[in-house]
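The chain contents come next:
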Amino acid sequence: MRAFPAILLALALAVLAACDVAGGLRTDRDSPFAPGVDSRASSDVDGLIVGHRLMQASEYELAIRAYNRAWFEQGISADVLSAIGSAHLKLGRLGRAEELLRQSLALDEEFVPAWNNLGVVLMEKGNYGEASRVFERAFKLDSGESADIRDNLRLALAKIENPAYSEPQNSGPALVRRGTGEYLLLTGP
């Protein structure tokens, strides 16, 4: 029975010996003890992913916050600016959306989602001629793979020929979500 307190004392001394001066466990490879928790390890979720999910849930203000967090964590990029611009578009803030999408394209002239979404803004503003040129650029950059961009281009061209043309119910210009090579559509306006 006297051996039990001695074992506890030895165990306590071993734990204390493993601690460095700062109070954490040693993390050097030669230590026989388990490393401590690395407080610098990030378990945060990517702000762009969170923002995309919030956009799908029609939570546009929260999406802007998530995209702004991505901007802060990752730095400015065409993807982040395009995402923020698209959220502003969904909120009806056409001027701000256009400004952000143009800034996105200034960073990456071949970013297809920003071209498409800028076309949507221009359509909403009634600038059908410029919108058709923007959709045409998006369609070419996408190598014609997106049927939705093609439909947006057709709608813009139809509006040029007949400004009174009204598209069928639940259709209209579609937003293209940004992402690496994946252009999924968000619900139309």
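Residues numbered from 1 in each chain as written. Predicted model: local features only at pLDDT ≥ 70, side-chain atom pairs only at ≥ 80, totals over all residues. Heavy atoms only, no water.

A.B. asks: Quick one: what's the story with the overall build of the chain, residue by residue and with numbers?
C.D. replies: Helices and strands together make up the secondary structure of the chain, namely eight helices and zero strands. Moving toward the C terminus, one meets the helices and strands of the chain in the order α-α-α-α-α-α-α-α. For the chain, the share of sequence-separated contacts (at least 6 apart) that also reach a separation of at least 24 residues comes to 46%. Of the roughly 11600 Å² of accessible surface on the chain, 54% is carried by carbon and sulfur atoms. (Helix = DSSP H or I, 4+ residues; strand = E, 2+ residues; numbered from the N terminus. Contact = heavy atoms within 4.5 Å. Areas by Shrake-Rupley, 256 points an atom, 1.4 Å probe, with all protein chains shown as cover.)

A.B. asks: How would you sum up the nonpolar core? Please name residues and give values.
C.D. replies: Leu-118, Met-123, Ala-131 and Phe-135 are the most contacted members of the largest nonpolar core, which totals 23 residues. If you list the elements that add at least two residues to this core, you get α4 (78-90), α5 (94-107), α6 (112-124), α7 (128-141) and α8 (147-161). Top contributing element to this core by residue count: α6, with eight residues. Of all hydrophobic cores here, the second largest spans 13 residues; its members include Tyr-60, Ala-70, Leu-81 and Ile-84. (Core = buried A, V, L, I, M, F, W, Y, C linked by side-chain atoms within 4.5 Å. Buried < 20%, exposed > 50% of the residue type's maximum accessible area, 1.4 Å probe, protein only.)

A.B. asks: Talk me through the packing of α7 against α8; I want residue IDs and the actual numbers.
C.D. replies: Any two packed helices are characterised by the angle at which their axes cross and by the distance between the axes. Running from amino to carboxyl end, α7 crosses α8 at an angle of 155°, the nearest separation of the two axes being 9 Å. With respect to their mutual orientation, α7 and α8 come out roughly antiparallel. Handedness of the α7/α8 crossing: left-handed. Taken together, the residues of α8 that come into contact with α7 (itself represented by Tyr-128, Gly-129, Ala-131, Ser-132, Phe-135, Glu-136, Ala-138 and Phe-139) are Ile-149, Arg-150, Asn-152, Leu-153, Ala-156, Leu-157, Lys-159 and Ile-160. Each residue belonging to the contact of α7 with α8 can be placed in one class, and the counts come to 10 nonpolar, three polar and three charged. (Axes fitted to C-alpha atoms, helices over the stretch in contact; angles between N-to-C directions. Parallel < 35°, antiparallel > 145°, perpendicular 65-115°, else oblique. Left-handed = near helix turned anticlockwise from the far one by under 90°. Nonpolar A, V, L, I, M, F, W, Y, C, P; charged D, E, K, R; others polar.)

A.B. asks: Go over the environment of Arg-96 with me, naming the residues and quoting the values.
C.D. replies: If you trace the backbone, Arg-96 turns up in helix α5. Assessed through its relative accessible area of 36%, Arg-96 is described here as partly exposed. In the structure, Arg-96 is positioned 12 residues away from Ile-84 in sequence and 9.4 Å away in space, judged by C-alpha atoms.

A.B. asks: Requested: an account of the pattern of salt bridges, with residues and values cited.
C.D. replies: When their charged atoms lie close together, side chains carrying opposite charge are able to pair. Under the criterion given, the structure shown has eight salt bridges. Between Glu-98 and Arg-102 there is a salt bridge, with its nearest N and O atoms 2.9 Å apart. One end of the pair, Glu-98, and the other, Arg-102, are both in helix α5, four residues apart, so they sit about a helical turn from each other. Judged by relative accessible area, Arg-102 falls into the partly exposed class, the value being 36%. The partner of Arg-154 in a salt bridge is Asp-151, and the shortest N-O contact between them spans 3.8 Å. In this pair, Arg-154 and Asp-151 are both assigned in helix α8, three residues apart and thus about one turn of the helix distant. (Salt bridge = Lys/Arg side-chain N within 4 Å of Asp/Glu carboxyl O.)

A.B. asks: So, the confidence of the model for the chain: which residues are in play, and what are the values?
C.D. replies: Mean pLDDT over the chain stands at 80; residues scoring 70 or higher make up 67%. For the chain, per-element mean pLDDT is lowest for helix α1 (residues 3-18), which scores 67, and highest for α5, which scores 97. Below a pLDDT of 50 lies the segment residues 37-43, which in the model reaches zero contacts outside its immediate sequence neighbourhood of four places, other chains included. Ignoring residues within four places in sequence, the model shows residues 178-189, a span with pLDDT below 50, making 34 contacts including any to other chains. (pLDDT = per-residue confidence, 0-100.)

A.B. asks: Tell me about unusual backbone geometry, residues and numbers included.
C.D. replies: Backbone geometry at Ser-58 places phi at a positive 60°, although glycine is not the residue there. With respect to the element layout, Ser-58 can be found in the loop between α2 (47-56) and α3 (60-74). Even without glycine at this site, Ser-143 takes up a positive phi of about 60°. For Ser-143, the position within the fold is in the loop between α7 and α8. A relative accessible area of 58% means that Ser-143 is categorised as exposed.

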